[in-house]
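Structural features, examined
Letter by letter, the chains look like this.
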Amino acid sequence: MSTPTAVRVWENHLLRYRKIWGSHLLGAFVQPVLYLVGMGLGVGALVDRSTDSIVLLDGITYFEFLAPALLATTAMMSGGQTSLWEVADGFIWSHRYVAMASTPLRPREIADGLALWHTTRIALAVTAVAGVLALFDETRTWGLLVAIPAAVLTGLAFALPISAWSSTRKNGSSFPAVIRFALIPMFLFGGAFFPIDQLPEWLQPVAYVTPLWHGIELCRGAVIPSVDAGPVAVHVAVLLAYAVVGLLACRATFAKALRP
Amino acid sequence: MSDAVIIASDLRKQFDNFVAVDGIDFEVRPGESFGFLGPNGAGKTSTMRMIGCVSPITSGSLTVFGLDPNVDGSEIRSRMGVVPQSDQLDPELTVAENLLIYGRYFDISRSECRRRTVELLDFVQLSDRANDQVDPLSGGMKRRLTIARSLINEPELLLLDEPTTGLDPQARHVLWDRLYRLKQRGVTLVLTTHYMDEAEQLCDRLVVMDEGRIAAEGSPRNLIDRYSTREVLELRFAIGENDANAATLEGIGERCELLPDRILIYDDDGEEALGEVHRRGVDPVASLVRRSSLEDVFLRLTGRALVD
Amino acid sequence: MTSRAIALRIVPVELLAARRPQRMVERSVMFYRHAWLILVSGFFEPLLYLLSVQVGFSSLIGEVTYDGVSYDYAEFVAPALMAAAAMNGAIFDATGNVFEKLRHSKLYDTVLATPMTASDVALGEIMGAVTRGSLYSIAFVITMWAMGLVGSPLIVLAVPACVLIGFAFASVGMAFTTYMRSWSDLEYINAVTLPLLLFSATFYPLSAYGGWSWIVYFSPLYHGVVIVRGCNLGVLEWSMLGNMAVLLGLSWVGLRFTARRIDGLLLT
Ligand SMILES: Nc1ncnc2c1ncn2[C@@H]1O[C@H](COP(=O)(O)OP(=O)(O)OP(=O)(O)O)[C@@H](O)[C@H]1O
Ligand SMILES: [Mg+2]
């Protein structure tokens, strides 16, 4: 039996990743640690001292509030970044995908392979963060094992739609804007650092639409036993919808870019 | 005291332990048009960059306008225009802005920069693209813009590193005409090129460089007389038969050059040589008798065909 | 001593070769005239951080005690974010942007074919980063004022303070850029700026670090934060001269390294 086509594409990505895996994992590991210590413990000390916060955080400590959310934010950042320059690189700079498309591989198989690769890479980053969380008493629960796939799904909900969009770009000039105007606002306001109830009324529905909030709710509910994740099925459905639509969009845009 | 614009003696350039320019001597006189020829990697660009005061010399001596590049680099550069081998236009600015800001680097007043920009864009026929970004310009347009840029400070000396590479034949002729006009105005030209016809057209004097050394120096006519015969006989054979025939042709003409795709026989009388070829029973697919050109000099001196 | 002799003692000798670094700034102005969106969007990120503090942390935390006085949390953090924004902007300009021009667009090779010198390029790009940063600092102060986070009119002094912060980080960033080999080296910058942002008494008073607070003194950003925060709270102290000295020292070291390396890098 021959290797499935998507796996062949995946291997190509893996080959390139071997050169940079060190810095990728280190980044995925160090950043959350810094946020955990700097914000979780540092700001946490201030938060937990205030009486209002007990109500606002539903009785958990700030550390417990922030830590599981970092699984989801890391997935988003990791998935988001690789799907900008790296994907565009395959089309406009190194022409990697263009080269692949001149082999028997079809565009949709290249898209599927990329999706498989995104899954792998996000899973690596998320697992690194989970490893960090396992070091702290508050977050060392079996729930981490449930949170990992939830976070990976969150990452895919970003990576796939963004990949579809990047593949239609002629250059990378609009990429920093995606990070600045989409990813960072979600990172700051998506419910990782403070509950979204604190946002102005009109902004809250926006948060409900973003994949990040759903991912954070799932991770927090899984890791911290006393937290109620809310309608789990809805969270998963929203994330799945983003990922699946993203994948279908990728297949379409890849086909358009590679077989114009 | 010599009034030469550039004087180099025993000039050397070494990168780490690789010698790019290996002790060359030459002089460029005012108003002259001087060329560097040579195969890829001969050291032409390295030499040009030293003259342009952007590459410190390793040893030997070099003066430009009678000044030392090490000490008076800025002063020298202010009187010189440079067309680098790769255009290096500013991709973040428009066509006109590229010229404007470049003039400002020379401390030319803003209004004067604007005036010259209009004039130069007209000179290189880019006026209609003045407000476009440079990235979408075609290769030849970029080259023309680079040339316009080098003229913004009304230089006395113009360094052109492969000025017409990438231009279509018509654009090349336009450029030759422009350079010729600058020369008429007394501008000294120093250029490198891979096109022998360009060298014959533009250069009063030229040197052929190879592996960092000067292999020959003189005017195009003079070099041809010295290093080649009056005529050349070109013979083409069916694929794979070059070598076999070369042996049979041994001894015809003054010299014989075996190229991948043809055989060249150097003789003052090409027709006579062709007769001898036939007498020996060799029957080429095609034959041609022509006058010697710089290309033959180049081949003789560097042992390499022009197109690597 | 003549003023030139004094200048020779404090300015790295190599930089005296600078003739008109302001031309590099002129070029940036030319660029931003039609890329004003990029210029404006640079202010977006600091603004977001400020908003997240105002909207989120303020109600979670309420008040903090600093130097024995109680302050609203947002008022406490805002000046620190202003200092951090000055750092981030300057570093971003002096590393990624400069690297692009150094290795890819070859802008500096072009500039050096004119009477401009390598020192013009180095000093000019640092000046450009600082100029751009000051615009953001002014915008930041106005925003703080609009959000009711200004505690004292002395906040206007925070603008020159941020110029100093920008200068220090731009010089060091530029020095780093001269060692950069590829884009992935930018990761190191993140690896430094994030901890600086988080551990420079930005989000909580120095006292929170307990026995570890001496480490914070090693963060150059901390010294910037102290000055800017002092300006906003209306408390200027002599010890701030010491904080300024740290930033000046950093600028000097950065300039020195840059000046040493830039010639060799550009003139090959
Ligand atoms: N910065 C550098 N570092 C190391 N080696 C260099 C550098 N610049 C040039 N060289 C080497 O010096 C030699 C001469 O290069 P140079 O660019 O002068 O050749 P050239 O005659 O202009 O060739 P071409 O016709 O291809 O433009 C080459 O072997 C090149 O690899
Ligand atoms: Mg060259």
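Residues numbered from 1 in each chain as written. Chains lettered and ligands numbered in written order. Predicted model: local features only at pLDDT ≥ 70, side-chain atom pairs only at ≥ 80, totals over all residues. Heavy atoms only, no water.

What follows covers the overall build of chain B. Scanning chain B from terminus to terminus reveals 11 helices and 13 strands. Considered along the principal axes of its C-alpha atoms, chain B spans approximately 75 × 45 × 35 Å. Of all intrachain contacts in chain B linking residues separated by at least 6 positions in sequence, the fraction that spans at least 24 positions is 68%. Looking at charge distribution, chain B has the averaged site of its 36 positive side-chain charges lying 4 Å from that of its 53 negative ones. (Helix = DSSP H or I, 4+ residues; strand = E, 2+ residues; numbered from the N terminus. Contact = heavy atoms within 4.5 Å. Lys, Arg positive; Asp, Glu negative; His and termini not counted. Charge placed at Lys NZ, Arg CZ, Asp CG, Glu CD.)

Glancing now at the coordination of the magnesium ion (ligand 2). Residue and element names in this part refer to chain B. Each protein donor to the magnesium ion (ligand 2) is listed here as Thr45 (OG1) and Gln85 (OE1); together their distances run 1.8 to 2.2 Å. Of the two residues, threonine 45 sits in helix H1 (residues 44-51) while glutamine 85 sits in the loop between strand E5 (80-83) and helix H3 (95-105), which places them 40 residues apart along the sequence. On the basis of relative accessible area, threonine 45 is assigned to the partly exposed category, the value being 25%. (Donors = N, O, S within 2.8 Å, 3.2 Å for Na, K, Ca; no water. Buried < 20%, exposed > 50% of the residue type's maximum accessible area, 1.4 Å probe, protein only.)

This part is about the interface of chain A and chain C. Facing the 27 residues of chain A at the interface are 22 residues of chain C. Between chain A and chain C, the buried area comes to about 2,400 Å², and carbon and sulfur atoms account for 77% of it. Summed over the shared surface of chain A and chain C, the number is 1 salt bridge. Of the charged contacts in the structure, one is a salt bridge between C:Glu45 and A:Arg180, with a shortest N-O distance of 3.5 Å. Linking chain A with chain C are 7 residue pairs in polar contact (both at pLDDT 80 or more). Taken together, the elements giving at least two residues each to the side of chain A that touches chain C come down to helix H2 (21-49), helix H3 (52-56) and helix H8 (175-189) of chain A. For the side of chain A that touches chain C, the residue count by class is 19 nonpolar, 6 polar and 2 charged. (Buried area = accessible area lost by both parts, 1.4 Å probe. Salt bridge = Lys/Arg side-chain N within 4 Å of Asp/Glu carboxyl O. Polar contact = N/O pair within 3.5 Å; in protein donor to acceptor, adjacent residues only side chain to side chain. Nonpolar A, V, L, I, M, F, W, Y, C, P; charged D, E, K, R; others polar.)

Quick look at empty space enclosed by the protein now. Once rolled over the atoms, a probe with the size of a water molecule shows which space is left empty. This model, assessed by the stated rule, comprises 5 cavities of 30 Å³ or more. Computed from the structure, the largest cavity encloses a volume of approximately 100 Å³. Looking at the largest cavity, the residues that line it are A:Tyr35, A:Met39, A:Leu188, A:Phe193, C:Tyr49, C:Ser52, C:Val53, C:Phe57, C:Leu197, C:Leu198 and C:Phe203. Residue assignment for the lining of the largest cavity shows that the elements contributing at least two residues are H2 of chain A together with helix H4 (44-61) and helix H9 (186-198) of chain C. At 4 residues, the largest contribution of residues to the lining of the largest cavity is made by H4(C). For the lining of the largest cavity, a count of residues per class yields 10 nonpolar, 1 polar and no charged. (1 Å grid on protein atoms, 1.4 Å probe; cavity = no way out; pocket = protein on both sides within 12 Å on 5 of 7 lines; lining within 4 Å. Points joined across faces, edges and corners; volume = space filled by probe spheres on them.)

With respect to the secondary-structure elements, B:Thr117 resides in helix H4 (residues 110-123). Residues contacting B:Thr117, with those up to four places away along its chain left out, are B:Ala96, B:Leu99, B:Leu100 and B:Ile152.

For the structure shown, the criterion picks out 32 aromatic pairs over all chains. Of note, B:Arg149 hangs over the ring of B:Tyr102, and the distance from its end group to the ring centre comes to 4.9 Å. (Phe/Tyr/Trp six-rings, centres within 6.5 Å; stacked < 30°, edge-to-face > 60°. Lys NZ or Arg CZ within 6 Å of the ring centre and 35° of its normal.)

Before going further, it helps to examine H4(B). All names here are of chain B. With 14 residues, H4 extends 20 Å from end C-alpha to end C-alpha; this agrees with the ideal 20 Å at 1.5 Å per step. For H4, the full list of buried residues reads Cys113, Arg116, Thr117, Leu120, Leu121 and Phe123. Buried residues in H4, looked at end-on, bunch into an arc of 140 degrees, giving them a common side. Counted as exposed and oriented over 90 degrees from the buried face of H4: Ser111, Val118 and Asp122. (Expected span 1.5 Å × (residues − 1). Arc of directions from axis to C-beta.)

Before going further, it helps to spend a moment on a nonpolar patch on the surface. A surface patch of nonpolar side chains, about 670 Å² in accessible area, is lined by C:Trp212, C:Trp214, C:Ile215, C:Tyr217 and C:Phe218. Its location among the elements puts C:Ile215 in helix H10 (residues 213-216). (Patch = residues over 30% accessible without salt bridge, like charges linked within 9 Å, V, L, I, M, F, W, Y side chains within 5 Å. Areas by Shrake-Rupley, 256 points an atom, 1.4 Å probe, with all protein chains shown as cover.)

Bringing the interface of chain B and chain C into the picture now. At the junction of the two partners, chain B supplies 28 residues and chain C supplies 26 residues. Here chain B and chain C share an interface that buries about 2,400 Å² over both sides, 55% of which is from carbon and sulfur atoms. By the criterion of area lost to chain C, the three top residues of chain B are B:Gln88, B:Glu92 and B:Tyr105, representing 29% of everything that side buries. The interface formed by chain B and chain C contains 7 salt bridges. Its salt-bridge partner being C:Arg27, residue B:Asp90 comes within 2.4 Å of it at the nearest N-O pair. Counting residues per element, the ones that place at least two in the side of chain B that touches chain C are strand E1 (6-15), helix H2 (69-78) and H3 of chain B. Grouping the amino acids of the side of chain B that touches chain C by side-chain chemistry returns 12 nonpolar, 6 polar and 10 charged.

Time to look at the pattern of salt bridges. One pass over the structure, following the stated rule, counts 46 salt bridges over all chains. With a closest N to O distance of 2.4 Å, C:Arg23 and B:Asp107 form a salt bridge. Note that C:Arg23 is positioned in helix H2 (residues 22-34) and B:Asp107 in the loop between H3 and H4, a pairing that runs across two chains. Using a relative accessible area of 39% as the deciding quantity, one classes B:Asp107 as partly exposed. For B:Arg172, the salt bridge is made with B:Glu198, and the minimal N-O distance between the two is 3.8 Å.

Next up on the list: the packing of helix H4 (residues 62-93) of chain A against helix H7 (residues 143-166) of chain A. All names here are of chain A. It is the contact of H4 with H7, at a shortest axis distance of 8 Å, that shows an interaxial angle of 30 degrees. If you check the angle between H4 and H7, you find them roughly parallel. For the element pair H4 and H7, the recorded crossing hand is right-handed. Here H4 contributes Leu71, Ala72, Ala75, Met76, Gly79, Gly80, Ser83, Leu84, Val87 and Ala88 to the contact with H7, which in turn contributes Leu144, Ala147, Ala151, Thr154, Gly155, Phe158, Ala159, Ile162, Ser163, Trp165 and Ser166. The residue inventory of the contact of H4 with H7, partitioned by class, reads 14 nonpolar, 7 polar and no charged. (Axes fitted to C-alpha atoms, helices over the stretch in contact; angles between N-to-C directions. Parallel < 35°, antiparallel > 145°, perpendicular 65-115°, else oblique. Left-handed = near helix turned anticlockwise from the far one by under 90°.)

So, about the site of ligand 1. Residues and elements named next belong to chain B. Ligand 1 sits among 14 residues. The nearest are Gly41, Lys44, Thr45, Ser46 and His194. The separation between an oxygen atom of ligand 1 and a polar side-chain atom of glutamate 162 is 3.4 Å. Separating an oxygen atom of ligand 1 from a side-chain N or O atom of histidine 194 is a distance of 2.9 Å. Computed on the free molecule, ligand 1 has an accessible area of 630 Å², of which 65% lies beneath the protein chains in the complex. When contributions to the shell around ligand 1 are tallied by element, the ones reaching two or more residues are strand E2 (18-28) and H1. Top contributing element to the shell around ligand 1 by residue count: H1, with 3 residues. Partitioned by chemical class, the residues of the shell around ligand 1 number 5 nonpolar, 7 polar and 2 charged. (Near = heavy atom within 4 Å.)

Another point: the sheet that holds E1(B). All names here are of chain B. Spatial strand order, E2-E1-E4: 3 strands in an open sheet with antiparallel pairing. Of all strands in the sheet, those with a lone pairing partner are E2 and strand E4 (59-64), marking the two edges. Within the sheet, the average angular offset between the axes of one strand and its neighbour, ignoring direction, is 25 degrees. Taken together, the 8 bridges between E1 and E2 define a ladder with antiparallel strand orientation. Each residue of the ladder has a partner; that of arginine 12, found in E2, is aspartate 22. Against the sheet, H1 makes contact with E1, E2 and E4, and its axis sits at roughly 60 degrees relative to E2, the strand it touches most. (Pairing = 2+ DSSP bridges.)

So yeah, pure geometry; function would need other evidence.
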